[in-house]
Amino acid sequence: MLDFVVNCQTCTRCGQCVADCPAMIIAMTDGYPAIAPEKEGACYKCQHCLAVCPAGAVSILGLKPTGSSSLIGGFPDPDRLETLMKGRRSVRRYKDENLDPVLFQRLLEVAWHAPTGVNSRQVRFTVVDDKEKMAALREEVMTELTRLVRENALPEGMQFYADFIRMWEERRLDVIFRGAPHLLITSVPKNVPTPLPDCLIAMSYFELFAQANGVGTVWNGLAKWAINDLLPETRLRLGIPEDHLIGYCMAFGKPAVHFARTVQHGPALIHRVI
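Note that the coordinates shown come from a computational prediction; the quantities given were computed from them, not determined experimentally.

1. Side note on the packing of aromatic side chains
In this description, a pair of aromatic rings is defined by centroid distance and the angle of the planes. One pass over the structure, following the stated rule, counts seven aromatic pairs. Ring geometry for Phe-104 versus Phe-252: centroids 5.4 Å apart, planes at 55°, classification tilted. You can see Phe-104 sitting in helix H4 (residues 101-111) and its partner Phe-252 sitting in strand S8 (residues 244-253), a full 148 residues away along the chain. As far as burial versus exposure is concerned, Phe-104 and Phe-252 are alike and both buried. When the centroid spacing of 5.8 Å and the interplanar angle of 70° are considered together, the rings of Phe-160 and Phe-164 count as edge-to-face.

Structure representation (structure tokens):
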């Protein structure tokens, strides 16, 4: 059941929900929007109808307009958003502190609003939410990587991990996780329409909102390769389903470094079609 409900007292019969429905299953019936029962299975569950209604008259999936935030005057100033996007930096130095749990949850909830192919909404966030858990994971991964190095079992092209293990053994320098107190792993069932893009888009949403809240982040390919390719048993230990594709990993936490200005990349590589 879609539970598509229209408040006939407030509906202006403007037809916006009909015109904007991606599945084209909403029609005006007896003067008001409606979805025929036989068409409910085609619904994308995107909630466009709820979002587009100027009068707040449409509810769907048990969700009411009163539970949503108004967009009027709510978007960030474009110039400040540009500064955030240009000023985003990879953070590789972190404070040995946990994030506030409320902020931690908010970052995840907001990031999960990221778009997905065909609105599949199957991105799964596997998170290390405590620095002690992170320390245990770090020790485990380093121990197993040390074993691979000593057994000369690193795959072709991955021998550079031996340098990271040497730095860990000699100086306790954590090049793989960067000493971060937290880790985020995005994964998606392999059978969804766009598994890898879904993961990467969600990770991008997480990063921008995290940095807007003063949280440092770093896209962590070294951790992804270690967990997914070199030590697949770690996937199981972290509870990542076998049928999931890991999109990427991101280390994050309170930064121990603060940048003062944007950098200057460009000009952009642009090809205009003629």
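2. Some words on the sheet that holds strand S6 (residues 182-189)
As summarised here, the arrangement of the four strands in space is S5-S6-S8-S7, forming an open sheet in which the pairing is antiparallel. Because the sheet does not close on itself, it has two edges, and the strands there are strand S5 (124-128) and strand S7 (216-219). Between one strand axis and the next, the sheet turns through 25° on average, direction left out of account. Lying on the sheet, helix H8 (residues 221-230) is in contact with S6, S7 and S8; it crosses S8 at an angle near 135°.

3. Quick notes on the environment of Asn-7
Counting through the fold element by element, Asn-7 comes out in the loop between strand S1 (5-6) and helix H1 (16-20). For Asn-7, a relative accessible area of 34% corresponds to the partly exposed category. C-alpha of Asn-7 to C-alpha of Tyr-32: the two residues are 25 residues apart in sequence and 9.3 Å apart in space.

Cut-offs used in this document
Residues numbered from 1 in each chain as written. Predicted model: local features only at pLDDT ≥ 70, side-chain atom pairs only at ≥ 80, totals over all residues. Heavy atoms only, no water. Phe/Tyr/Trp six-rings, centres within 6.5 Å; stacked < 30°, edge-to-face > 60°. Helix = DSSP H or I, 4+ residues; strand = E, 2+ residues; numbered from the N terminus. Buried < 20%, exposed > 50% of the residue type's maximum accessible area, 1.4 Å probe, protein only. Pairing = 2+ DSSP bridges. Axes fitted to C-alpha atoms, helices over the stretch in contact; angles between N-to-C directions. Contact = heavy atoms within 4.5 Å.

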